[in-house]
Amino acid sequence: MDCIFCQIVEGKIPSDIVYQDEEIIAFRDIKPQAPLHLVIIPRKHIPSLDQLKESDSALVGRMVAVANQLAKDEGVAQKGYRVVINCGKEGGQLVPHLHLHLLGGRKLSDQIG
Ligand code: AMP
Ligand code: ZN
């Protein structure tokens, strides 16, 4: 498996991990688009939101809960932040392992995309 995020999960490539539990890992984005830019992923390889199974719903709910907690921990919760999931080519997904972006620390564009 040459999935870059699976390699982060396995510790084969270094990353700046800010949170981990038995199901989820969060790390700082290597090319941050905002002062705070975290990537939150499931340890399990799910290729995209489009490939999500009904049984993965609770896992995605937990990913959102982790984003909520990290926004508090990183000090952006009060001013506001954005959570994004890119899906597929036109959605701007580059890494084919489901992930959620947590962006904050500056005024983000009023436009969604
Ligand atoms: P996406 O376009 O939604 O697939 O986003 C993938 C994100 O992963 C981008 O923001 C990249 O900068 C980030 N990324 C890619 N490789 C790494 C890495 N090794 N460590 C941290 N972030 C990465
Ligand atoms: Zn993967």
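No experiment lies behind these values; they were computed from the predicted model shown.

**Details of the pairing of strand β2 (residues 24–28)**
Within β2, 4 of the 5 residues are buried, leaving the element largely enclosed by the surrounding structure. Of the strand pairs in this sheet, strand β1 (residues 17–20) and β2 are connected by 3 bridges, and their pairing is antiparallel. Note on β2: the bridge partner recorded for Ile17 is Phe27. Pairing of β2 with strand β3 (residues 36–42), which is carried by 5 bridges, proceeds in the antiparallel orientation. Across the sheet, residue Arg28 finds its bridge partner in β3, namely Leu38.

**Focus: the site of ligand 1**
Near ligand 1 you find 15 residues, and of these Asp29, Gly92, Leu94, His99 and His101 are the closest. One of the backbone nitrogen or oxygen atoms of Ile30 is found 3.1 Å away from a nitrogen atom of ligand 1. In isolation ligand 1 exposes 510 Å². Once the protein is present, 86% of that is buried. Secondary structure elements with two or more residues in the shell around ligand 1: α1 (4–9) and β2. Class assignment of the residues belonging to the shell around ligand 1 gives a composition of 6 nonpolar, 6 polar and 3 charged.

**A closer look at the sheet that holds strand β4 (residues 81–84)**
The strand order across the open sheet built from 5 strands is β1-β2-β3-β5-β4, with neighbouring strands paired in antiparallel fashion. The sheet is open, and its two edges are formed by β1 and β4, each paired on a single side. Across the sheet, the mean angle from the axis of one strand to that of its neighbour is 20 degrees, orientation sign disregarded. Inspection of the sheet shows β4 paired to strand β5 (residues 100–104) by 4 bridges, in the antiparallel sense.

Calculation rules
Residues numbered from 1 in each chain as written. Chains lettered and ligands numbered in written order. Predicted model: local features only at pLDDT ≥ 70, side-chain atom pairs only at ≥ 80, totals over all residues. Heavy atoms only, no water. Buried < 20%, exposed > 50% of the residue type's maximum accessible area, 1.4 Å probe, protein only. Helix = DSSP H or I, 4+ residues; strand = E, 2+ residues; numbered from the N terminus. Pairing = 2+ DSSP bridges. Near = heavy atom within 4 Å. Polar contact = N/O pair within 3.5 Å; in protein donor to acceptor, adjacent residues only side chain to side chain. Areas by Shrake-Rupley, 256 points an atom, 1.4 Å probe, with all protein chains shown as cover. Nonpolar A, V, L, I, M, F, W, Y, C, P; charged D, E, K, R; others polar. Axes fitted to C-alpha atoms, helices over the stretch in contact; angles between N-to-C directions.

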